[in-house]
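# Structural overview
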Amino acid sequence: MTGASVRGKKIGIIGVGNIGASILRGLLAAEHVSGPLFISDVRSERLELVAGEFKPRVLVCTSNLEVAERSDVILLAVKPQDVRAVLEGIAPVLGKDKLLITVAAGVPTKTIERVLGEGKRVIRVMPNIGALIGESVTALSKGTYADDADEAVAKAVLGAIGAVYTVKEHDIDIITGLSGSGIAFFAAVIDAMAAGGVCEGLPRELALAIAAQTAQGAAKLVLAGTTPVALQEMTASPGGTTMRGLYAMEARNVKAAMMHAVSAATKRARELSTSIE
Ligand SMILES: NC(=O)c1ccc[n+]([C@@H]2O[C@H](COP(=O)([O-])OP(=O)(O)OC[C@H]3O[C@@H](n4cnc5c(N)ncnc54)[C@H](OP(=O)(O)O)[C@@H]3O)[C@@H](O)[C@H]2O)c1
């Protein structure tokens, strides 16, 4: 069996948990991917589940080494603390002709290059859990030895689960706070808005659906070019309901709290970057 191909490259995924399996799902649904993908995970039950769902389009490998041997592009989707062990295991077969894409939060490309050895092509990406439904936003940054063709391949892989932006690597920690963690912050906001509706008497399920749909509407308007300030002005007529609500938010420092959440998550991502050597 030859293996799945994106721009002629065979793809393997090490770690098929939340993010690994989401990327796998996205790739298998994408038009530009053909053939099976190679996968491995220490959890055999997870492999069986994924294989059961996607057979014959995934090929379960008996080790990470086998994935690395059989693939041109290896997506590393294990937890940051497991990265070093996986890299040490696959380094012997990871030639300079292969591309490693890492999703691990807080693990710099320099650290990975140090373990793999000089000349190894690495790209670091930071997706978010929107990947589950093809609505991730992924930040991407090239390591020292990856070239523009590698970037194009990584964009094609991550493009299967949503939007992709190329950024400077030192900005990835900020994007981890803003997007990787940020999707949970928006979930907390939706939950809080729905609770407000319930507090005023709406049924819980209806309140949650309306809060989530409202968030989606705001996001789509902003992505279509309406600035957040213009959106507020379009809604807040003088003396009206929205103006009262915005004033209540100001009085309780909601903006500062959200800014602080992103900063705190970024700070933690930076701490992790220096702790994993
Ligand atoms: N989840 C997110 O929202 C998100 C967003 C952006 C980036 N990330 C990054 O994505 C990576 C994966 O996160 P996740 O949430 O998908 O984690 P996860 O659900 O725990 O998936 C990781 C999988 O890899 C397995 N694994 C552990 N050690 C392994 C090894 N040596 N060889 C092969 N497989 C191994 C894990 O098994 P065990 O459970 O037994 O350890 C698990 O099945 C992390 O580095 C994280 O920083 C996650």
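The paragraphs below set out a description of the structure included in this document. (Residues numbered from 1 in each chain as written. Predicted model: local features only at pLDDT ≥ 70, side-chain atom pairs only at ≥ 80, totals over all residues.)

With omega at 0°, the peptide bond leading from Lys55 into Pro56 counts as cis. Residue position: Pro56 is located in the loop between helix H2 (44-54) and strand S4 (58-60). The phi dihedral of Asn253 falls on the positive side, at around 55°, and the residue is not glycine. Residue position: Asn253 is located in the loop between helix H11 (241-251) and helix H12 (254-275). Judged by C-beta crowding, with 11 C-beta atoms within 10 Å, Asn253 ranks as exposed. (Helix = DSSP H or I, 4+ residues; strand = E, 2+ residues; numbered from the N terminus. Buried ≥ 20, exposed ≤ 12 C-beta atoms within 10 Å, placed from the backbone.)

Near the ligand lie 27 residues; those nearest to it are Gly15, Gly17, Asn18, Ala104 and Ala105. For the shell around the ligand, the secondary-structure elements that each account for two or more residues are helix H1 (18-29) and helix H4 (80-90). (Near = placed C-beta within 6 Å.)

Now for the environment of Asp147. With respect to the element layout, Asp147 can be found in the loop between strand S8 (136-142) and helix H6 (148-158). Given 10 C-beta atoms within 10 Å, Asp147 falls into the exposed group. Taking the C-alpha atoms as reference points, Asp147 and Val42, separated by 105 residues in sequence, lie 31 Å from one another.

Here the focus is H11. For H11, the buried fraction is low: zero of the 11 residues fall into the buried class. In the segment just after H11, Asn253 is the residue with positive phi, at about 55°.

A separate point is the nonpolar core. Formed by 60 residues in total, the largest nonpolar core has its most connected members in Ile23, Leu24, Ile39, Leu75, Leu76, Ile101 and Val157. If you tally residues by element for this core, the top one is H1, at five residues. Apart from the residues lying within four places of it in its own chain, the contact partners of Val157 are Val6, Ile11, Leu27, Val73, Leu75 and Ile101. (Core = buried A, V, L, I, M, F, W, Y, C linked by C-beta atoms within 7 Å. Contact = placed C-beta atoms within 7 Å.)

So, to be careful, I would describe these as geometric facts and stop short of saying anything about function.
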